[in-house]
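# A closer look at the structure
Spelled out, the chains give:
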Amino acid sequence: MSILASSKHIIENGLVTNKGKSKPIKIGKGTWCGGHVVISPGVTIGESVIIGAGAVVTKDLGSNLTAVGVPAKTK
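Description of the structure in this document. None of these values were measured; they are calculated from a predicted model.

### Some details on the overall build of the chain
- When you go through the chain residue by residue, the secondary structure sums to zero helices and 11 strands.
- Going from N to C terminus, the chain has its helices and strands arranged as β-β-β-β-β-β-β-β-β-β-β.
- Along the first, second and third principal axes, the C-alpha atoms of the chain reach 40 × 20 × 20 Å.
- Taken across its 75 residues, the chain has 25% of its residues classed as buried.
- Sequence separation of 24 or more characterises 12% of the internal contacts of the chain that already satisfy a separation of 6 or more.
- When the accessible area of the chain is evaluated, it comes to approximately 5,100 Å², of which 55% is carbon and sulfur surface.

Laid out in structure tokens, this is it:
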């Protein structure tokens, strides 16, 4: 199981509200995600990317690469 979190909570005056701010996630053709990957709102991942198990993708990734870790970094 992996998580594609296309929205995040809005914090007002130090409190989490029930309001959300959505941003689309884009994943290119041929991309593979290992188990327990988390992808943050607004992230674009290119084509033919391998994302290692347990990675947390917080920034855009180009094509034809491998990303691992928390936060995910290219190898």
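So that's the structure; there's more coming.
### Remarks on the sheet that holds strand E9 (residues 56-57)
- One open sheet holds the three strands; their spatial order is E1-E6-E9, and the pairing between them is parallel. Looking at the sheet topology across the chains shown, the edges are occupied by strand E1 (3-4) and E9.
- In the sheet, E1 pairs with strand E6 (residues 38-39) via two bridges, with the strands oriented parallel. Residue pairing for E6: Leu4 is matched across the bridge by Ile39.

### Considering the pattern of salt bridges
- Considering all chains together, one arrives at one salt bridge under this definition.
- Linking Lys19 and Glu12 is a salt bridge whose minimum nitrogen-to-oxygen distance equals 3.1 Å.

### Details of the environment of Ser6
- With respect to the helices and strands, the residue Ser6 is situated in the loop between E1 and strand E2 (7-12).
- Residue Ser6 is classed as partly exposed on the basis of its relative accessible area of 35%.
- With sequence-adjacent residues up to four places away left out, Ser6 is seen in contact with Lys21, Ser22, Lys23, Ile25 and Pro41.

### Overview of the sheet that holds strand E8 (residues 50-51)
- Read across the sheet, four strands follow the order E5-E8-E10-E11 without closing on themselves; strand pairing throughout is mixed. Every interior strand has two partners, whereas the edge strands, strand E5 (32-33) and strand E11 (73-74), have only one.
- In terms of strand pairing, strand E10 (residues 66-68) meets E11 through two bridges, oriented antiparallel. Following the sheet pairing, Ala67 is matched in E11 by Thr74.

### As for the nonpolar core
- In terms of nonpolar packing, the biggest core is built from 12 residues, these being Val37, Ile39, Val43, Ile45, Val49, Ile51, Ala55, Val57, Leu61, Leu65, Ala67 and Ala72.
- Residues contacting Ala55, with those up to four places away along its chain left out, are His36, Val37, Val38, Val68, Gly69 and Ala72.

Thresholds applied
Residues numbered from 1 in each chain as written. Predicted model: local features only at pLDDT ≥ 70, side-chain atom pairs only at ≥ 80, totals over all residues. Heavy atoms only, no water. Helix = DSSP H or I, 4+ residues; strand = E, 2+ residues; numbered from the N terminus. Buried < 20%, exposed > 50% of the residue type's maximum accessible area, 1.4 Å probe, protein only. Contact = heavy atoms within 4.5 Å. Areas by Shrake-Rupley, 256 points an atom, 1.4 Å probe, with all protein chains shown as cover. Pairing = 2+ DSSP bridges. Salt bridge = Lys/Arg side-chain N within 4 Å of Asp/Glu carboxyl O. Core = buried A, V, L, I, M, F, W, Y, C linked by side-chain atoms within 4.5 Å.

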